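# Overview (structure and organization)
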Amino acid sequence: MPEPSEILSLAKRRGFLWPAYEIYGGVAGLFDYGPLGAEMKRNIEDYWRQLYVRQEGFLEITCPLLAPKEVFEASGHLKEFTDLVVQCDACSTSFRADHLAEGLHEQPSRLSKDELCMLLNDNNVVCPECGGHLCEPATFNLMFKTAIGAGAGGRDGYMRPETAQGMFVNFNMIYRYAREKLPVGAVQIGSSMRNEISPRQGVIRLREFNMMEAELFVHPDDKSWPNFANVKDEKLKLLPDGGKDTVTVALEKAVGDGMILNETLAYFMWLTWKFLSDLGVDPDRMRFRQHARTEMAHYASDCWDCEALLGYGWVELVGVADRGCYDVSAHLDHSGADLTAFERFDSPKMLTVDRIQPDLSKLGPIFKGKARAVADKLAEVPPDSVPDDRSEIELEVDGERLKVPSECFRKVRREEKVSGRKFVPHVIEPSYGLDRILYALLDHAYGSKEDYVRLRLSGKASPVKLGVFPLVGKDGLDTLALEIHRRISSLGVACYYDDSGSIGRRYARMDEIGTPFCVTLDYDTLKDDTVTLRDRDTAEQIRVKIDRLPEIALKIQENIAFEDLRRHS
RNA sequence: GCGGAUGUAGUCUAGCGGUUAGGACUGAGGCUUCCCAAGCCUUAAGCCCGGGUUCGAAUCCCGGCAUCCGCACCA
């Protein structure tokens, strides 16, 4: 297995990844994508779009990175994404306050700052390292805070720690766009930010990172998936919660046995497996690990991480979770917006309902300006709680207790037609770490033998698809090679022209950045319009007609194997 | 955030208080016109940042930043 330092060295040298702002000393957790990295990142994004947007019909949206505070009050990030940290005055060691309160309270992580502070003081908790005095707990939130707008009129804002919230808050728009049908999926590709305490491991833990997230809104009682039948016999490598070893199980069995919670979750786990292996993550170094109950976020009912074995150990590349109704409900509650789907009954139901009907002509003279508010409150009173002979109702309106005499309202019984019901959709979320996936592709593609480095990137992932060389830069070979380069480039295929140095050196340069094939023009080319096509992994060559090159170039993007090209040559 | 180690061209590295910081690879230009990092010539590029000690600092000391390894943290 290659050392991460070898890969990062190559990535820097050849223009995949650069430490950001390096001339100013760099910043931990920030990386630039160089030209090859940017190209490769886009290849990954494009294939993901191909699967999610084109094939599965998800709707791509793009939301701002910056969001107002309210979004994260609702999502729970402001509360849950915050750690309370205490520091020892004597030895300066930091501890999480809720960890120190372990055993003093049932759920210390749920306590507020003041409550925790009191709890620690009352119990005379001292530094576990040296017994020194501890300072007051300080909050550390992993979100980057900023102000939207200037001065006192400015509004508290945060940089999003995930792209998901943009899709949840837009559920009503997405649902309407989809003409009120479920399931409906939304996707978003973009960056998110977390102020990690200690970023490590190259691009594995970044402070600004790229995500490709999908949020599939489904009916809570129907988590089946139409395409599931087509893939039910496909197998996945699973490491279930509590299991010691991975098991290879067919999707249908995994769902049937209750190992994976539902069909939809299983389907997208399979799609993830296909996506990653097509791009070039080695299936032998890939697995799905189920989150333990304690590890799972409080809202999730099942969660599987797709992990790859890298130089750093097993690293999560993708998380596929059933988030239930948590997120949409949270935004519904905080915003008051109607983030529900509507389910039409087979036939409308006639219901007999009792209601309190306010009489505004009586309320007006008594309550004056408050009459409307009183009426609204009256309408919310459960009719069953009001006996028919009750002479008045006590209400709290805007913090004021009022007595409403019985002549101000009537209890009425009505027949109502109910044609369906509203419900909050559940969400299945496949969430992809783009930077980690790109790194995993480099890691699994990397091979070196006696200082000769070869990246066996897939045709889909490789930043350059084809190298084009004149064997010698004269006798018209160079101009013809440039002409071929231009023709292939105009198809939108990334190819690279090189006429400097020996031919071997040029092949070596392409091998090092993972270019699958190279074509070389020689003197035979001038006679019979053929070029040599060289395979990166074997260095074998075949001769092909120049006219076939555009077709071949396009097929490289579909991972065509050299053997297939040889067979048709 | 804590503890330890490290920081010299794009990469790898020599240097151990005293000339103009040396080499290899890579890059660029040329010769060679050649099918797997060949050879020759030319050329570009570096002491992480800031302070201190000293006649003199890449070298010693302090602070910062960054990287790596442990610990902690990690939706």
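Just above sits the structure.
The text that follows walks through the structure, step by step, so that each part is easy to find. (Residues numbered from 1 in each chain as written. Chains lettered and ligands numbered in written order. Predicted model: local features only at pLDDT ≥ 70, side-chain atom pairs only at ≥ 80, totals over all residues. Heavy atoms only, no water.)

### Examining the overall build of chain A
Summing up its helical and strand segments, chain A has 20 helices and 28 strands in all. In chain A, buried positions account for 47% of the 569 residues. Within chain A, contacts between residues at least 6 apart in sequence are counted, and of these 66% link residues at least 24 apart. Summed over its atoms, the accessible surface of chain A is roughly 28,300 Å², and 48% of this surface lies on carbon and sulfur atoms. (Helix = DSSP H or I, 4+ residues; strand = E, 2+ residues; numbered from the N terminus. Buried < 20%, exposed > 50% of the residue type's maximum accessible area, 1.4 Å probe, protein only. Contact = heavy atoms within 4.5 Å. Areas by Shrake-Rupley, 256 points an atom, 1.4 Å probe, with all protein chains shown as cover.)

### Re the sheet that holds strand β3 (residues 59-60)
Taken in spatial order, the nine strands of this open sheet run β3-β10-β11-β21-β16-β15-β14-β12-β13, and their pairing is mixed. Across the chains shown, the open sheet's two edge strands, defined by having one partner strand only, are β3 and β13 (247-250). Bridge count between strand β12 (residues 235-239) and β13: four bridges; the pairing is antiparallel. Paired with Lys 237 across the bridge in β13 is Thr 248. Packing against the sheet, helix α2 (residues 35-55) makes contact with β3, β10 (184-193), β11 (208-218) and β21 (426-433), and its axis sits at approximately 0° to β11. Packing against the sheet, helix α11 (residues 263-279) makes contact with β11, β12, β14 (286-290), β15 (302-310), β16 (313-324) and β21, and its axis sits at approximately 150° to β16. (Pairing = 2+ DSSP bridges. Axes fitted to C-alpha atoms, helices over the stretch in contact; angles between N-to-C directions.)

### A short note on the packing of aromatic side chains
By the definition in use, this model includes 20 aromatic pairs. Taken together, a centroid distance of 5.6 Å and an interplanar angle of 75° make the contact between Phe 58 and Phe 268 edge-to-face. Highlighted residues: Phe 58 in the loop between α2 and β3 and Phe 268 in helix α11, separated in sequence by 210 residues. No difference in accessibility class separates Phe 58 from Phe 268, as the two residues are buried. Pairwise contacts between aromatic rings join Tyr 47, Trp 48, Tyr 52, Phe 58, Trp 225, Tyr 267, Phe 268, Trp 270, Phe 275 and Tyr 432 into one cluster. The aromatic ring of Tyr 33 is capped on one face by Lys 41, whose charged end is 5.7 Å from the ring centroid. A cation over an aromatic ring shows up here: Arg 534 above the ring of Tyr 507, its NZ or CZ 4.4 Å from the ring centre. (Phe/Tyr/Trp six-rings, centres within 6.5 Å; stacked < 30°, edge-to-face > 60°. Lys NZ or Arg CZ within 6 Å of the ring centre and 35° of its normal.)

### Things to note about unusual backbone geometry
A cis amide bond, omega -5°, links Leu 182 with the succeeding residue Pro 183. Even without glycine at this site, Ala 539 takes up a positive phi of about 65°. The residue Ala 539 is located in the loop between β27 (530-535) and β28 (541-545) in this model. Residue Asn 559 is not a glycine yet carries a positive backbone phi of 65°. Assignment of secondary structure puts Asn 559 in the loop between α19 (549-556) and α20 (562-567). Classification of Asn 559 by relative accessible area gives partly exposed; the value is 30%.

### Remarks on the pattern of salt bridges
As enumerated under the stated definition, the model contains 41 salt bridges in all. Glu 60 is paired through a salt bridge with Arg 49; the nearest N and O atoms lie 2.7 Å apart. You can see Glu 60 sitting in strand β3 and its partner Arg 49 sitting in helix α2, a full 11 residues away along the chain. Taking the relative accessible area as the measure of exposure, Arg 49 reaches 23% and is therefore partly exposed. With its nearest N and O atoms 3.4 Å apart, the salt bridge here joins Arg 486 to Glu 483. Taken together, the positions of Arg 486 and Glu 483, both in helix α16 (residues 477-489) and three residues apart, correspond to about one turn of that helix. Sharing partners across several salt bridges, the network here consists of Glu 39, Arg 42, Asp 46, Arg 49 and Glu 60. (Salt bridge = Lys/Arg side-chain N within 4 Å of Asp/Glu carboxyl O.)

### As for the environment of Ser 500
Residue position: Ser 500 is located in the loop between β25 (495-497) and α17 (503-513). C-alpha of Ser 500 to C-alpha of Val 472: the two residues are 28 residues apart in sequence and 9.0 Å apart in space. In this structure Ser 500 touches Arg 506 and Arg 509, once residues within four positions along its chain are discounted.

### Comments concerning the layout of surface pockets
Considered as a void within the structure, the second largest pocket measures approximately 320 Å³ in volume. Lining the second largest pocket are 13 residues; nearest its centre among them are Asn 43, Asp 46, Tyr 47, Lys 460 and Gln 557. Class assignment of the residues belonging to the lining of the second largest pocket gives a composition of three nonpolar, four polar and six charged. (1 Å grid on protein atoms, 1.4 Å probe; cavity = no way out; pocket = protein on both sides within 12 Å on 5 of 7 lines; lining within 4 Å. Points joined across faces, edges and corners; volume = space filled by probe spheres on them. Nonpolar A, V, L, I, M, F, W, Y, C, P; charged D, E, K, R; others polar.)

### Brief notes about the packing of α2 against α11
Where α2 contacts α11, the two axes come as close as 11 Å, and the packing angle between them is 145°. Seen from above, α2 lies across α11 with right-handed handedness. On the side of α2, the interface is formed by Ile 44, Tyr 47, Trp 48, Leu 51, Tyr 52 and Gln 55, while α11 contributes Phe 268, Leu 271, Thr 272, Lys 274, Phe 275, Asp 278 and Leu 279. (Left-handed = near helix turned anticlockwise from the far one by under 90°.)

### Here we look at the nonpolar core
Counting residues in hydrophobic clusters, the biggest one holds 78 residues, and the most contacted among them are Tyr 52, Phe 275 and Ile 437. Counting contributing residues, this core receives three or more from each of domain 1 (4-68 + 165-327 + 428-433) and domain 4 (464-567). Non-local contacts of Phe 275, meaning those with residues more than four positions away in its chain, are made with Ile 44, Tyr 47, Trp 48, Leu 51, Met 212, Tyr 432 and Ile 437. Counting residues in each nonpolar core, the second largest holds 24 residues, with Cys 495, Val 544, Ile 552 and Leu 565 among its members. (Core = buried A, V, L, I, M, F, W, Y, C linked by side-chain atoms within 4.5 Å. Domains from an automatic or database assignment.)

### Quick notes on the environment of Arg 414
Along the polypeptide, Arg 414 turns up in strand β20 (residues 409-423). Take Arg 414: its relative accessible area is 39%, and that puts it in the partly exposed class. Put simply, Arg 414 and Leu 351 are 63 residues apart on the chain and 8.1 Å apart in space, counted from C-alpha to C-alpha. For Arg 414, the residues in contact, after removing those within four places along its chain, are Leu 351, Thr 352, Val 353, Arg 355 and Gln 357.

### A look at α19
Along α19, the residues classified as buried are Leu 549, Pro 550, Ile 552, Ala 553 and Ile 556. Buried positions in α19, seen along its axis, are confined to an arc of 160° and lie on one side of it. Where α19 is buried, its residues meet β24 (466-470), α16, β26 (517-521), β27, β28 and α20. (Arc of directions from axis to C-beta.)

### Quick notes on the pairing of β16
With nine of 12 residues buried, β16 is to be regarded as a mostly interior element. The antiparallel hairpin formed by β15 and β16 contains two residues in its connecting segment. Where β16 and β21 come together, six bridges link them in antiparallel fashion. Opposite Gly 324, over in β21, you have Val 427 as the bridge partner.

Remember, this is a structural readout, not a statement about activity or role.
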